[in-house]
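Structure assessment
Residues per chain, in single letters:
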Amino acid sequence: MAPAAMTFASSLSDAQPVPFWLEDPGKPAALPALTGDERTDLLVVGGGYSGLWTALLAKERDPRRDVVLVEGREVGWAASGRNGGFCAASLTHGLANGLARWPDDLARLEELGARNLDAIEAAVARYGIDCDFERTGEIDVATEPYQLDELRALHEEAGRLGFGGLELLDRDAVRGEVDSPTFLGGLWDRQGVAMLHPARLAWGLKRACLDLGVRIYENTRALDLSPAGAGMAVRTSYGRVFARRIALGTNVFPSLVKRIRPYTVPVYDYALMTEPLSPAQREAIGWRNRQGLGDSANQFHYFRITADDRILWGGYDAVYPYGGKVTAEMDHRPETYLKLAGQFFACFPQLEGLRFTHAWGGAIDTCSRFSAFFGTAHGGKVAYAAGYTGLGVGATRFGGDVMLDLLDGERTERTELAMVRKKPLPFPPEPVAWAGIGLTKWSLARADARGGRRNLWLRTMDRLGLGFDS
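Residues numbered from 1 in each chain as written. Predicted model: local features only at pLDDT ≥ 70, side-chain atom pairs only at ≥ 80, totals over all residues. Heavy atoms only, no water.

1. Digging into the overall build of the protein chain
Of the regular secondary structure elements, the protein chain holds 13 helices and 18 strands. Taking 470 residues into account, the globule formula puts the C-alpha radius of gyration at 23 Å, and the protein chain, at 22 Å, falls close to it. On the principal axes, the C-alpha backbone points of the protein chain span a range of 65 × 45 × 45 Å. Out of the 470 residues in the protein chain, the part that is buried amounts to 56%. In the protein chain, the proportion of contacts linking residues at least 24 apart, taken out of those at least 6 apart, comes to 76%. Carbon and sulfur atoms make up 53% of the accessible area of the protein chain, which totals about 19,300 Å². Taken as two groups, the 54 positive and 58 negative side-chain charges of the protein chain have centres that lie 7 Å from each other. (Helix = DSSP H or I, 4+ residues; strand = E, 2+ residues; numbered from the N terminus. Rg over C-alpha atoms; globule rule 2.2 N^0.38 Å. Buried < 20%, exposed > 50% of the residue type's maximum accessible area, 1.4 Å probe, protein only. Contact = heavy atoms within 4.5 Å. Areas by Shrake-Rupley, 256 points an atom, 1.4 Å probe, with all protein chains shown as cover. Lys, Arg positive; Asp, Glu negative; His and termini not counted. Charge placed at Lys NZ, Arg CZ, Asp CG, Glu CD.)

2. Looking at the pattern of salt bridges
Taken as a whole and assessed by the stated rule, the structure comprises 40 salt bridges. Where Arg-355 meets Asp-14, a salt bridge forms, and the shortest distance between an N and an O atom there is 3.2 Å. One end of the pair, Arg-355, is in the loop between helix 9 (334-347) and strand 16 (356-366); the other, Asp-14, is in the loop between helix 1 (3-11) and strand 1 (36-45), with 341 residues separating them in the sequence. You can call Arg-355 partly exposed: its relative accessible area is 28%. Judged by its relative accessible area of 48%, Asp-14 falls in the partly exposed class. If you follow the salt bridges from partner to partner, you end up with Arg-61, Arg-65, Arg-397, Asp-401, Asp-405, Asp-408 and Arg-414 in one network. (Salt bridge = Lys/Arg side-chain N within 4 Å of Asp/Glu carboxyl O.)

3. A few points about helix 5 (residues 145-160)
Taking 1.5 Å per residue, 16 residues should reach 22 Å; helix 5 reaches 23 Å between its end C-alpha atoms and fits that length. Gly-162, located one to two residues past helix 5, shows a positive phi value of around 85°. (Expected span 1.5 Å × (residues − 1).)

4. Some remarks on the environment of Ala-58
Along the chain, Ala-58 falls in helix 2 (residues 49-61). For the pair formed by Ala-58 and Val-174, sequence separation is 116 residues and the distance between their alpha carbons is 42 Å.

5. Some remarks on the nonpolar core
Counting residues in hydrophobic clusters, the biggest one holds 52 residues, and the most contacted among them are Leu-42, Phe-133, Leu-201, Leu-205 and Phe-374. For this core, the secondary-structure elements that each account for two or more residues are strand 1, helix 2, strand 2 (67-70), helix 4 (106-126), helix 7 (198-211), strand 18 (382-386), helix 10 (392-408) and helix 11 (418-421). With sequence-adjacent residues up to four places away left out, Phe-374 is seen in contact with Tyr-384, Ala-385, Tyr-388, Phe-398, Gly-399, Val-402, Leu-406, Met-419, Val-420 and Lys-423. Among the nonpolar cores identified, the runner-up in size contains 35 residues, and Ile-305, Ile-311, Val-319 and Leu-351 belong to it. (Core = buried A, V, L, I, M, F, W, Y, C linked by side-chain atoms within 4.5 Å.)

6. Regarding unusual backbone geometry
Note: most residues except glycine have negative phi, and most peptide bonds are trans. With an omega of 5°, the peptide bond between Glu-430 and Pro-431 qualifies as cis. Take Pro-431: it is sitting in the loop between helix 11 and helix 12 (432-449). For Trp-287, which is not a glycine, the phi torsion comes out positive at approximately 65°. As for its placement among the helices and strands, Trp-287 is situated in the loop between helix 8 (279-285) and strand 13 (292-295).

7. Remarks on the pairing of strand 11 (residues 239-248)
In terms of burial, strand 11 is largely enclosed, as seven of its 10 residues are buried. Pairing of strand 1 with strand 11 involves nine bridges; the strand directions are parallel. Across the sheet, residue Leu-42 finds its bridge partner in strand 11, namely Arg-245. Judged from the four bridges that link them, strand 10 (residues 231-236) and strand 11 form a sheet pairing that is antiparallel. Pairing of Met-232 across the sheet is with Ala-243, part of strand 11. What sits between the antiparallel neighbours strand 10 and strand 11 is a turn of two residues. (Pairing = 2+ DSSP bridges.)

8. Details of the side chain of Ser-371
If you trace the backbone, Ser-371 turns up in the loop between strand 16 and strand 17 (373-377). In this structure, Ser-371 is in contact with Leu-91, Thr-92, His-93, Asn-97, Trp-102, Gly-387, Thr-389 and Met-419, ignoring residues within four places of it in sequence.

9. Things to note about the environment of Thr-40
In this structure, Thr-40 sits in strand 1. In the structure, Thr-40 is positioned 28 residues away from Val-68 in sequence and 6.5 Å away in space, judged by C-alpha atoms.

10. Section: the side chain of Thr-415
Counting through the fold element by element, Thr-415 comes out in the loop between helix 10 and helix 11. Of note is the side chain of Thr-415, whose polar atom sits 2.8 Å from the backbone nitrogen of Thr-412. Setting aside chain neighbours within four positions, we find Thr-415 in contact with Asp-405, Leu-406, Glu-410, Val-420 and Arg-421. (Polar contact = N/O pair within 3.5 Å; in protein donor to acceptor, adjacent residues only side chain to side chain.)

11. Side note on the sheet that holds strand 6 (residues 185-189)
The strand order across the open sheet built from eight strands is 5-6-4-13-14-15-12-16, with neighbouring strands paired in mixed fashion. Each end of this open sheet is capped by a strand with a single partner; those strands are strand 5 (166-169) and strand 16. Direction aside, the axes of adjacent strands within the sheet are offset by 20° on average. In this structure, strand 12 (residues 265-274) lies alongside strand 16, joined through 10 bridges in antiparallel fashion. Within strand 16, the position partnered with Tyr-270 by the bridge is Gly-361. Docked against the sheet, helix 9 engages strand 12, strand 14 (301-305), strand 15 (311-315) and strand 16, running at close to 55° with respect to strand 12. (Axes fitted to C-alpha atoms, helices over the stretch in contact; angles between N-to-C directions.)

12. So, the pairing of strand 12
In the case of a regular strand, side chains alternate between the two sheet surfaces. Counting buried residues in strand 12 gives 10 out of 10 residues, a clear majority hidden from the surface. By the alternation rule, side chains of strand 12 split into Val-265, Val-267, Asp-269, Ala-271 and Met-273 and Pro-266, Tyr-268, Tyr-270, Leu-272 and Thr-274, which are all buried. Strand direction decides the pairing type here: strand 12 and strand 15, joined by three bridges, are antiparallel. Paired with Ala-271 across the two strands is Gly-314, which belongs to strand 15.

13. Some thoughts on the packing of helix 2 against helix 7
Packing of helix 2 against helix 7 leaves a shortest axis separation of 9 Å and a crossing angle of 30°. Classed by the angle they form, the pair helix 2 and helix 7 counts as roughly parallel. Like other packed secondary-structure pairs, helix 2 and helix 7 cross with a definite hand, here left-handed. The segment helix 2 lies against helix 7, with Tyr-49, Leu-52, Trp-53, Ala-55 and Leu-56 engaging Pro-198, Ala-199, Leu-201, Ala-202, Leu-205, Lys-206, Ala-208 and Cys-209. Tallied by class, the residues present in the contact of helix 2 with helix 7 amount to 12 nonpolar, no polar and one charged. (Parallel < 35°, antiparallel > 145°, perpendicular 65-115°, else oblique. Left-handed = near helix turned anticlockwise from the far one by under 90°. Nonpolar A, V, L, I, M, F, W, Y, C, P; charged D, E, K, R; others polar.)

The structure is reproduced here in structure tokens:
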């Protein structure tokens, strides 16, 4: 191993292979599993953000509605407790993706996204959820000249369309916010992103649901879905739930509505967490305004500072397992941790000697348009939302509202959106999916190395509206 690689490896020697957030001492005890039969007005399947927001919103809309939530393991254990804690207003996986896919609806989508983030902030305050919520925004940083050109163009387009709140930063300005020799400029969304502790948000939503009367069963896996009289039934390991309506918030896990499974694939994403920075280390990098950051490459990193002055550093590798299987073995990938450590110190050489305390991974539900899709099954008795593609911390609340609109048969400003009415293109079966995703990843890496120039394969995928991203 080269000397530099040895240095990066030594920074990982004490890193625990568990998500930092889930080791929090405030983690609540698991609730008992369902045994026997339950009957309810609304059954929510999934105890991540998607299911928790749906259950909470259902009770807020109608306190008399009886709601049951079942979770296969413990609330927040999967993506909701493993992500970077970026809670974005965007419902479209960023302004550029929204412009490319829904230009006619974009003004409404931006408005709904801003309202949704405001509502999350209000709910955190109303229910007393201690999740380190900080609405500090996010800076997309350029580390190559072509990326700076792209950020300038996006800033100009946003201004032309009347979308404010984006501030273009030159090299000195961005390094005045967070100092890295790799930063050439940035685009700061001051109000559209909040930073938070992701697991504490999930646990706080769990408590709020219980306080409103939602019955939650953990370690209760939903096995199958079938009609039952005027409603539906879900079979679990030790019982059944009979419900008038069902909302599926299972995201990356195989849907109980089998026909929508081809619309998502699991992509494994990995992250590192440092030890707390010393005052001198904080001074060396600045970061006084505590924004989230992401670089602008195709294979990008996301990074932020925590309440106790650690740095979370994640992204870059997006690993698709053949056949789309979600397995615990994929949650850890030492070769990716080593790569991430080297890239961290290239970004922040002034932090040489800093060590990582945690290293982990998890699966993201990716779809070909990068943002959630919605629908119903079984004559409108079942609704689903999936495909958030790494931007679900905030958008899942909007998805919960959409599912409830659909189940209630309501025509709303949400259900009229093309984003809600239309689905993305499905992924092809194996081995075509494996080959296509592999070629796309190779092409994205090649584009990053060639000044952003996209080859014929990527240009064809762009024309077809297909994509692959974490």
